[in-house]
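Listed below are the residues making up each chain.
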Amino acid sequence: MMDRELRDGLGLARIPFLVLGVVLGLFMLVPLAIVVPTSWTAGQLLEFPPKGFSLQWYRAVFDDDTWTGPIMVSLRVSLFASLLSTVMGTATALGMRRLMQGRTSRVMRSLFIMPLAIPYVSYALGIYHLFLKLPSGLADTTLPLILAQATITFPLVYVVVAGALANVDPRLSSAASTMGARWPTILWRIELPLIKTAIIGGWVFAFATCFDEATLAIFLSPVDQTTLAQQLYREASESIAPTLSAVSTMITMLAILVLGIGSLIMGRGTAARRGGNA
Amino acid sequence: MNDTTATATVPAGGRLASPLRGALGGNGALWLLVPPVTFLVLLLVVPLGFLVYLALQDSGFSKALGDEIFRASIWRTLVLAATVSVLTLIFGTIYAMALAIAPKGVAIALLIALFTLFWTSLLVRTYGWMLLYLPQGPIYSVLHGLGLRDAPVEVFQKTAAAYPAMVHVMLPYVVLPVYAAIRQLDPMHLRAARVLGAGPLLTLRKVVLPQLRSGIMAGAVLVFVMSLGFYVTPQLLGSPTGPMVASLIGASFNTPGETSTAAAMSLVLLAVVIVVYVAADRVFKVSEQWGR
């Protein structure tokens, strides 16, 4: 309906938008279109266009603990950080819904969104030196990195869950409350089941963000525990080799798979809820 | 009749009569909000406040602000962030419009391109740009193949090299909010404009764009603020002799004796970010676009 009106309203002005849109779409795919072919070269050097076809560099990735170690560190750090931010972000969205709209809630919302905007280097500097002041070598564990990544992914979960909560009818809570349900019951039996898919979606999004995050990892992770993103950064700044292309291709495929499935699940959840309301 | 209404409203009235009970978490607000607020105060406010302490330790501010390299890098960073956010704003809006008006097949292809980009690791994308910029890389092969160039291309590690890559990285942050805003346009407004004889350009200028303004600005402000503190992409692609503020902070991160200077530089960067963010929030209600 809106699409048709927009099309009719714009008339011939559509054409430049379409042409530029397609050009931009190609621009978006350029870097990937270069990385992927360079990973299957049969030669010894990174070349574009690649020489022949071989999977030797993929095998090299798994033979070498340059990459397998960091993958495990990344999985562990991202898992803890994203679980923490999911719990905190969900609690915030549920709590803000109960708060009266007003000055306090506006100030609080700005605080909750702020981690999206702060420069990671500045933040890393503050966290790092703060942990140096704490006793017993906490700065030499992955704890600072986990906490910092949880902080920066917190707004992502909050925004996703708050968006889903906005579609939940507030009268459901009022009705339950009139019938004597106290807030933990309302939370557990009404709200959480209705926003389940959004919470999972927020968690997937947070996990992927932590997994990909490099700046905090570069400055905060301990010497003997390199994350995958940090390792990619290190290798890219030292020497460009086909293994780097192979690792990049694999991460990208995996990310698209996980996030694609995640959004499909979330899309279905949203559609089901809309259908239920209509 | 009056009596029944009065009895029916007793529970609601009772709740209103004891605001204290509400404040102490009658509906659970307090229990739900205290842990995340404590978390953010301890892990966001305290570390950033600690930077102030660090910067004041060793006259960090006068060292940082007296440093010509730092002053030049502030300017360079502002120019980068402003250029990138203007370009992203223009291209992102065009892309979102194209998504909305394209025939179904094209629209799906454009969506796939957008999400492939959005979901590709930042480092992989930056690495792709590094490959693209190699002296004998793809740009060279194409130009050479067309007979346009014989000498290797030299764009890698020039300040300008970071620009296309930054726009590329930031595009989804404008496209997504603008596309969401387009989906919310009122078809009746568009029909009214058409029925009343408005041409495409007038419709675009007076009906469509004004309603997209807050979505566009939310995206552009986010891009500006994120570009100010961006580390990885400019560090890998940009010029080593023309560093951004984030790179300078990174360089003195672990250098003993430079902690207070790094902290002062971080605070300057943070101050710019906060001023821009608060001003934009006042004018364009940016946080309402995200937080609802």
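Residues numbered from 1 in each chain as written. Chains lettered and ligands numbered in written order. Predicted model: local features only at pLDDT ≥ 70, side-chain atom pairs only at ≥ 80, totals over all residues.

The name an unreviewed UniProt entry gives chain B is Binding-protein-dependent transport systems inner membrane component, with Patulibacter medicamentivorans as the organism.

Asker: Honestly, the overall build of chain A in this entry has me stumped. Any pointers?
Answerer: A tally of regular secondary structure across chain A gives 13 helices and zero strands. Mapped in sequence order, the helices and strands of chain A form the string α-α-α-α-α-α-α-α-α-α-α-α-α. Projected onto its principal axes, the C-alpha positions of chain A cover 70 × 65 × 30 Å. Residues classed as buried in chain A amount to 45% of the 278 residues present. (Helix = DSSP H or I, 4+ residues; strand = E, 2+ residues; numbered from the N terminus. Buried ≥ 20, exposed ≤ 12 C-beta atoms within 10 Å, placed from the backbone.)

Asker: Could you clarify how one ought to interpret the overall build of chain B in this entry?
Answerer: When you go through chain B residue by residue, the secondary structure sums to 16 helices and zero strands. If you take every contact in chain B between residues at least 6 apart in sequence, the share linking residues at least 24 apart comes to 76%. (Contact = placed C-beta atoms within 7 Å.)

Asker: Please explain the UniProt feature "transmembrane region" (unreviewed entry) in chain B as it appears in this structure.
Answerer: Mapped onto this numbering, the UniProt entry gives "transmembrane region" (unreviewed entry) at residues 29-56, 77-100, 106-124, 160-182, 215-233 and 262-280 of chain B. Between the C-alpha atoms that bound residues 77-100 of chain B there is a distance of 34 Å. The span itself is 100% helix and 0% strand. (UniProt positions renumbered as here; feature names shortened; annotations may be inferred.)

Asker: How should I be thinking about the interface of chain A and chain B in this particular structure?
Answerer: The accessible area lost on association of the parts is a frequent measure of interface size. With 83 residues of chain A at the contact, the number on the chain B side is 85 residues. For the side of chain A that touches chain B, the leading source of residues is helix 2 (residues 14-38) of chain A, giving 16 residues. For the side of chain A that touches chain B, a count of residues per class yields 57 nonpolar, 18 polar and eight charged. (Nonpolar A, V, L, I, M, F, W, Y, C, P; charged D, E, K, R; others polar.)

Asker: Please explain helix 10 (residues 196-212) of chain A as it appears in this structure.
Answerer: One turn of the α-helix equals 3.6 residues, which is why residues spaced by three or four share an orientation. Residue and element names in this part refer to chain A. In this model helix 10 runs 25 Å from its N-terminal to its C-terminal C-alpha over 17 residues, within 8% of the 24 Å that 1.5 Å per residue would give. Helix 10 sits mainly inside the fold: twelve of its 17 residues count as buried. Among all positions in helix 10, only Ala198, Gly201, Gly202, Trp203, Val204, Phe205, Ala206, Phe207, Ala208, Cys210, Phe211 and Asp212 are buried. (Expected span 1.5 Å × (residues − 1).)

Asker: Hey, could you run me through the domain arrangement of chain B in this one?
Answerer: All names here are of chain B. Annotation of chain B at the domain level lists domain 1 (21-57) and domain 2 (60-291). Relative to domain 2, the C-alpha centre of domain 1 lies at a distance of 31 Å. Counting from both sides, the interface comprises seven residues of domain 1 and, opposite them, nine residues of domain 2. Across the side of domain 1 that touches domain 2, the residue classes break down as six nonpolar, one polar and no charged. (Domains from an automatic or database assignment.)

Asker: Honestly, helix 7 (residues 143-166) of chain A in this entry has me stumped. Any pointers?
Answerer: Residues and elements named next belong to chain A. If you check helix 7, its first and last C-alpha atoms are 34 Å apart, about what 24 residues at 1.5 Å a residue would give, namely 34 Å. Along its length, helix 7 shows its largest kink, about 35°, at Thr153, and proline Pro155 lies within four residues downstream of that point. The element helix 7 is extensively covered by neighbouring structure, given that 20 of its 24 residues are classed as buried. (Bend = angle between axes of the 7 residues up to and from the residue.)

Asker: I keep staring at the confidence of the model for chain A and nothing clicks. Help me out?
Answerer: Detailed reading of the predicted model is not advised wherever pLDDT is low. All names here are of chain A. Here chain A shows a mean pLDDT of 86. Residues at 70 or above account for 95%. Here helix 13 (residues 242-277) is the element of chain A with the lowest mean pLDDT, 75, and helix 11 (residues 215-220) is the one with the highest, 95. Counting contacts from residues 272-278, a segment whose pLDDT is below 50, to residues more than four positions away or on other chains yields one contact. (pLDDT = per-residue confidence, 0-100.)

Asker: Help me understand the environment of Thr86 of chain A in this model?
Answerer: Residue and element names in this part refer to chain A. Among the structural elements, Thr86 can be located in helix 4 (residues 65-98). According to the C-beta neighbour criterion, Thr86 is buried, with 26 such atoms within 10 Å. Between the C-alpha atoms of Thr86 and Pro119, which are 33 residues apart in sequence, the distance is 22 Å. When neighbours within four sequence positions are excluded, Thr86 is seen to be in contact with Val157, Ile199, Gly202, Trp203 and Ala206.

Asker: Help me understand the confidence of the model for chain B in this model?
Answerer: All names here are of chain B. Per-residue pLDDT for chain B averages 83, and the proportion of residues at 70 or more is 85%. Scored below 50 in pLDDT, residues 1-25 shows seven contacts in the model against residues more than four places distant or in partner chains. As scored by the predictor, the complex reaches a pTM of 0.86 and an ipTM of 0.87.

Asker: Where do I start with the packing of helix 10 (residues 162-183) of chain B against helix 12 (residues 200-228) of chain B in this structure?
Answerer: Working note: a packed helix pair is described by the angle between its axes plus the distance between those axes. Residues and elements named next belong to chain B. At their nearest, the axes of helix 10 and helix 12 sit 8 Å apart, and the two run at 155° to each other. In terms of axis orientation, helix 10 runs roughly antiparallel to helix 12. For the pair helix 10 and helix 12, the sense of crossing is right-handed. Residue-level inspection shows Met166, Met170, Tyr173, Val174, Pro177, Val178, Ala180, Ala181 and Ile182 of helix 10 in contact with helix 12, the latter providing Gln211, Leu212, Gly215, Ile216, Ala218, Gly219, Ala220, Leu222, Val223, Met226 and Ser227. (Axes fitted to C-alpha atoms, helices over the stretch in contact; angles between N-to-C directions. Parallel < 35°, antiparallel > 145°, perpendicular 65-115°, else oblique. Left-handed = near helix turned anticlockwise from the far one by under 90°.)

Asker: What's the story with the environment of Thr159 of chain B in this structure? I'm lost.
Answerer: Residues and elements named next belong to chain B. In this fold, Thr159 is placed in the loop between helix 9 (138-145) and helix 10. C-alpha separation for the pair Thr159 and Pro234, spaced 75 residues apart in sequence, amounts to 8.1 Å. Ignoring sequence-local partners within four residues, the contact set of Thr159 consists of Gly238, Ser239 and Gly242.

Asker: Teacher, can you tell me more about the nonpolar core here?
Answerer: A general trend in soluble globular proteins is that nonpolar side chains are found buried together. Ranked by size, the top nonpolar core spans 166 residues in total, and within it Ala124 of chain A together with Met265 of chain B carry the most contacts. Broken down by element, the residue count for this core peaks at 15 residues, all from helix 7 of chain A. When residues are assigned to domains, this core turns out to be shared by domain 1 (21-57) and domain 2 (60-291) of chain B, each giving three or more. Leaving out residues up to four positions away in the same chain, Ala124 of chain A has contacts with Ala148, Thr215, Leu216, Phe219 and Leu220 of chain A. (Core = buried A, V, L, I, M, F, W, Y, C linked by C-beta atoms within 7 Å.)

Asker: What's the story with the environment of Ala198 of chain A in this structure? I'm lost.
Answerer: All names here are of chain A. Inspection of the secondary structure puts Ala198 in helix 10. When the 24 C-beta atoms within 10 Å are taken as the criterion, Ala198 is described as buried. Here the alpha-carbon distance between Ala198 and Phe219, two residues 21 residues apart in the chain, equals 32 Å.

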